[in-house]
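A closer look at the structure
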Amino acid sequence: MRILAAMSGGVDSAVAAARAVRAGHDVVGVHLALSRTRDALRSGSRGCCSREDAADAARAADVLGIPYYVWDLSEEFAEDVVDDFVASYAAGETPNPCLRCNEKIKFAAVLEKALALGFDAVCTGHYARLEGGALRRAVDADKDQSYVLAVLTEHQLAHAMFPIGDTRKPDVRAEAEELGLRVARKPDSHDICFIPDGDTRAFLASRIGEKPGEIVDAESGEVLGRHAGVHGFTVGQRKGIGVDRPAADGRPRYVLGIEPVSGTVRVGPERALAVSTIVARRPVWGSGAAPDGPFAATVQVRAHGGITTAEVVPAADGDVRVALTEPLRGVAPGQAVAFYRPDAGGDVVLGSATIASTG
């Protein structure tokens, strides 16, 4: 098969490309230039899409003996990922930009272009497995990325390859060493790739500006303070709320809810974070078809953690209603809820949807 290997400049994508070559495929490497700032430099383990990353990807392709190109998708990335991220926060939501990048860039814009050029599949260094067309969790539970891939459609999964999903991270690094890849010991990237300094609040403030509002005690209704914009908060947040006075019981306060129209941020005790029901919109089913009726599932609401069992009910209006077996905390609108088959050890992904509200 003709395989387009997306090479980020990290060890995972380099080893994934190497495995595709070893499997006998006709492989071409491509680095996605997603940043509008071409001279950006990575800062340690923060950020990506830098000159350093592009150079590392080129060196890895050279070692593997495969053609290598750079595709400029910065405009698409800015519109579909960065602008979506900013708009979601301005609406009081907590988006996951990695999930949106997989959905809109790597397995939409890139895949569409790859298929038009005659490639059969896009290969990435994600930690996930594909078996019989179904997406499954990776062998390395600590690195599993099936949650941020649960947004992929049946068509996208049919043209995807995840060669390292059956391997633990230390073994991936060891393999890179054996191949003579310089990225074998390169630090993993963390945080949001387009905010390399890690200051999300400052980044959002630069895009949204100040929109002052009140911080209110959810139980008493007392105004506890003011803030510069709801984009500085997320449900479940404890630190940096901006309230100097402790609660009456001396315990910490948490962000419980965000009202973007009024600019109100409601705070309260940790126990009030418990969520038992979720309503989610825009479901995507990996099989291509929505389930006929209610079904039991293992659900996950964050990239790492936030896992329990639930009854999932696809509704006639297109939404999905989720009744959790055990309450979860810190579930925020804008996040995704991913559905897994419970009879397969919670490993097989059924689909996902975007959380609209909780109760």
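As for helix α7 (residues 169-179)
- Listed as buried for α7 are K169, V172, E175 and A176. Taken down its axis, α7 places every buried residue within 115 degrees of arc, on the same side. Exposed and facing more than 90 degrees away from the buried side of α7 are P170 and E178.
- Contacts from the buried residues of α7 go to α1 (11-22).
- Backbone geometry just after α7 places G180 at a positive phi near 80 degrees.

Some thoughts on the pattern of salt bridges
- Under the definition given, this model contains 25 salt bridges.
- Bridged by salt links that share partners, the residues D12, K143, K169, R173 and D188 form one connected network.

So, the nonpolar core
- Residues L4, F85, I105 and F194 are the most contacted members of the largest nonpolar core, which totals 44 residues.
- Of all the elements in the fold, those that place two or more residues in this core are β2 (26-33), α3 (74-90), α4 (97-116), α5 (146-149), α8 (200-208) and β16 (336-340).
- For this core, the leading source of residues is α4, giving seven residues.
- Contact partners of F85, with chain neighbours within four places excluded, come to P95, P97, I192, F194, I195, T200, F203 and L204.
- The next biggest cluster of nonpolar side chains, apart from the first, holds 27 residues, and it includes I3, L64, I66 and Y127.

Some thoughts on the sheet that holds strand β4 (residues 121-123)
- Read across the sheet, five strands follow the order β3-β2-β1-β4-β7 without closing on themselves; strand pairing throughout is parallel. Lying at the two open borders of the sheet, with one neighbouring strand each, are β3 (68-72) and β7 (160-161).
- Relative to β3, β2 runs parallel, the two being bridged by five bridges. Residue pairing in the sheet places V30 in a bridge with Y69 of β3.
- Helix-sheet contacts for helix α2 (residues 51-64) involve β2 and β3, and the interaxial angle to β3 is about 150 degrees.

Observations regarding α3
- The terminal C-alpha atoms of α3, which comprises 17 residues, lie 22 Å apart, in line with the 24 Å expected from a rise of 1.5 Å per residue.
- Largest kink in α3: about 30 degrees, centred on D83.
- Against β2, β3, α4 and α8 lie the buried residues of α3.
- Positive phi appears at G92, one or two residues downstream of α3, with a value of about 80 degrees.

Let's talk about unusual backbone geometry
- At R282, a residue that is not glycine, the phi angle is positive and equals roughly 50 degrees.
- Positionally, R282 belongs in strand β12 (residues 275-285).

A look at the environment of C193
- The residue C193 is located in the loop between α7 and α8 in this model.
- A residue is classified by how much of its surface remains accessible, and C193, at 26% relative accessible area, is partly exposed.
- For the pair formed by C193 and S50, sequence separation is 143 residues and the distance between their alpha carbons is 9.8 Å.

A closer look at the environment of T354
- Tracing the backbone shows T354 in strand β17 (residues 349-358).
- Each C-alpha atom, one on T354 and one on K106, is 19 Å from the other, the two residues being 248 residues apart in sequence.
- Setting aside residues no more than four positions away along its own chain, T354 makes contact with R100, V279, A280, R281, R282, G334, Q335 and A336.

Here we look at the packing of α1 against α7
- With their axes 10 Å apart at the nearest point, α1 and α7 run at an angle of 65 degrees to one another. One way to sum up the angle between α1 and α7 is to call them roughly perpendicular. As α1 runs across α7, the sense of the crossing is left-handed. Across the interface between the two elements, V11, D12, V15, A18, R19 and R22 from α1 touch K169, V172, R173, E175, A176 and L179 from α7.
- Per-class residue counts for the contact of α1 with α7 are six nonpolar, no polar and six charged.

As for the pairing of strand β13 (residues 295-300)
- Here β13 lies mainly inside the structure; five of its six residues are buried.
- Sheet analysis places β13 next to strand β14 (residues 307-314), joined by six bridges and oriented antiparallel. By the bridge assignment, T298 is partnered in β14 with T309.
- If you look at the hairpin formed by β13 and β14, you'll find six residues sitting between the two strands, and G305 has a positive phi there, around 95 degrees.
- With three bridges joining them, β13 and β16 adopt antiparallel strand pairing. Along β16, the bridge assignment pairs Q300 with A338.

Reading guide: rules and limits
- Residues numbered from 1 in each chain as written.
- Predicted model: local features only at pLDDT ≥ 70, side-chain atom pairs only at ≥ 80, totals over all residues.
- Heavy atoms only, no water.
- Buried < 20%, exposed > 50% of the residue type's maximum accessible area, 1.4 Å probe, protein only.
- Helix = DSSP H or I, 4+ residues; strand = E, 2+ residues; numbered from the N terminus.
- Arc of directions from axis to C-beta.
- Contact = heavy atoms within 4.5 Å.
- Salt bridge = Lys/Arg side-chain N within 4 Å of Asp/Glu carboxyl O.
- Core = buried A, V, L, I, M, F, W, Y, C linked by side-chain atoms within 4.5 Å.
- Pairing = 2+ DSSP bridges.
- Axes fitted to C-alpha atoms, helices over the stretch in contact; angles between N-to-C directions.
- Expected span 1.5 Å × (residues − 1).
- Bend = angle between axes of the 7 residues up to and from the residue.
- Parallel < 35°, antiparallel > 145°, perpendicular 65-115°, else oblique.
- Left-handed = near helix turned anticlockwise from the far one by under 90°.
- Nonpolar A, V, L, I, M, F, W, Y, C, P; charged D, E, K, R; others polar.

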